[in-house]
Amino acid sequence: MAKRRTAILISGRGSNMAALVAAARQPDYPAEIALVVSNRPKAAGLTAAVEAGIPTAIIDHARFDKDREGFERALQSELEAQRIELVCLAGFMRLLTPWFVTQWQGRMINIHPALLPAFKGLDTHARALAAGVKIHGATVHFVVPEVDSGPIIAQAAVAVREDDTEETLATRVLAAEHRIYPLALRLLAQGRVRLDGDGRCHVDGAAAADEALFVPPAL
Ligand code: GRF
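Numbers given for residues are sequential positions, taken from 1 along each chain in its written order. Confidence filtering applies because this is a predicted model: local features only for residues at pLDDT of at least 70, side-chain atom pairs given and counted only at 80 or more, and all residues used for totals across whole chains, interfaces and linings. In computing side-chain properties, one takes all heavy atoms of the structure into account and sets aside hydrogens as well as water.

Right, let's talk about the overall build of the protein chain for a bit. Note on conventions: DSSP H or I runs of at least 4 residues are helices, E runs of at least 2 residues are strands, and numbering of each starts at the N terminus. When helices and strands are counted, the protein chain shows six helices and nine strands. Overall, the C-alpha framework of the protein chain stretches about 55 × 40 × 35 Å when taken along its three principal axes. The cut-offs for exposure are 20% and 50% of the maximum accessible area for each residue type, with area from a 1.4 Å probe on protein chains only; residues under the lower value are buried, those over the upper are exposed, and the others partly exposed. Here the protein chain, with 219 residues, has 45% of them falling under the buried criterion. When contacts within the protein chain are restricted to residue pairs at least 6 apart in sequence, those whose partners lie at least 24 apart make up 61%. A 1.4 Å probe and the Shrake-Rupley method give the accessible areas. Residues count as covered only by the protein chains that appear here. Carbon together with sulfur atoms contributes 54% to the accessible area of the protein chain, which is approximately 11,500 Å² in total. Positive residues here are Lys and Arg, negative ones are Asp and Glu, while His and the chain termini are left out of the count. Where a charge lies is defined by one atom per residue type, namely NZ (Lys), CZ (Arg), CG (Asp) and CD (Glu). In the protein chain, the 24 positive side-chain charges and the 25 negative ones have mean positions that sit 3 Å from each other. Whether two residues touch is decided by their heavy atoms; if any such pair falls within 4.5 Å, the residues are in contact.

Shown next as structure tokens:
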């Protein structure tokens, strides 16, 4: 089966992008990273993408001032020009309009650094620590017009430690993100992810993940 042509949209460091690029180098991976787009000309991830030999595009949102749709039309043209089939948001810090989201319904996914539906929005690690949760993590979900709210494809859990700071927790969650995002893209590209209209995402042929995470572990 032909590999699904995938674009990654970034705004910054691009470590999730790098994880997806690394996964897609495996011969049997069902997606190829055909394009990396940044809305920030100086995003560090752009340099990494160029070094990895991936075609890149810069669509600087500042050029469009407050014309959000103009920015998105430019983005859409670039994605169409490169015959993109799937889109991964990876630290892409622009809100998307319902028009753009509709163009990519069921074909655009995002990674969020929390176990949704808990801690939508920003500063997830600080808020998780303030809430005193013992298990935190990351979620890959479909993008819908409402931010951080689409059907969940995959989640990774991370145990919160007593002495965690925002930084130490972020580091462990990020490592989990780098594992879960390539897995979720694989499922989507293989056509194993179904949206049945019940607002939930169903994964075909997924082996039951029976390993339970107990926090604290048995002493
Ligand atoms: C990640 O924590 C991701 O979950 C969030 O933004 C951050 C992006 O990091 N959406 P990177 O650019 O992938 O390193």
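In the segment running from Leu116 into Pro117, the intervening peptide bond is cis, with an omega of 10°. By secondary structure assignment, the location of Pro117 is in the loop between β5 (108-112) and α5 (124-131). Its identity is not glycine, yet Arg83 carries a phi of approximately 50°, on the positive side. For Arg83, the position within the fold is in the loop between α3 (68-81) and β4 (86-89).

Structurally, the position occupied by Thr102 is in helix α4 (residues 98-103). Remark: the alpha-carbon pair of Thr102 and Val144, spanning 42 residues in sequence, is separated by 7.9 Å. What qualifies as a polar contact is a pair of N or O atoms within 3.5 Å, subject to a donor-acceptor requirement within protein and to the restriction that residues adjacent in sequence count only when both atoms come from side chains. Of note is the side chain of Thr102, whose polar atom sits 2.6 Å from the backbone oxygen of Pro98.

This next bit is on the nonpolar core. The nonpolar side chains of a soluble globular protein tend to be buried with one another. Note on terminology: a nonpolar core comprises buried Ala, Val, Leu, Ile, Met, Phe, Trp, Tyr and Cys residues joined through side-chain atoms within 4.5 Å. Among the nonpolar cores identified, the biggest contains 40 residues, and Ile8, Ile33 and Ile153 are the most heavily contacted of them. The greatest single-element share of this core, amounting to ten residues, is contributed by helix α6 (residues 166-189). A domain split of this core shows at least three residues from each of domain 1 (1-104) and domain 2 (110-203). Among all residues touching Ile33, those that are not within four sequence positions of it are Thr6, Ile8, Leu20, Val21, Ala24, Ile54 and Leu185. Among the nonpolar cores identified, the runner-up in size contains 21 residues, and Leu35, Leu89, Phe92 and Val101 belong to it. Bear in mind that the domain bounds are from an automatic or database domain assignment.

Under the domain assignment used here, the protein chain contains domain 1 (1-104) and domain 2 (110-203). Across the contact, 23 residues belong to domain 1 and 17 residues belong to domain 2. Put simply, buried area is the surface a 1.4 Å probe can reach on two separate parts but cannot reach once they are joined, added for both. In this assembly, domain 1 packs against domain 2 so that about 1,700 Å² is buried in total across both faces, 69% of it on carbon and sulfur atoms. A pairing counts as a salt bridge when a side-chain nitrogen of Lys or Arg comes within 4 Å of a carboxyl oxygen of Asp or Glu. Taken together, the connections running from domain 1 to domain 2 amount to zero salt bridges. Those elements that place two or more of their residues in the side of domain 1 that touches domain 2 are β1 (4-10), α1 (15-24), β2 (31-38), β4 and α4.

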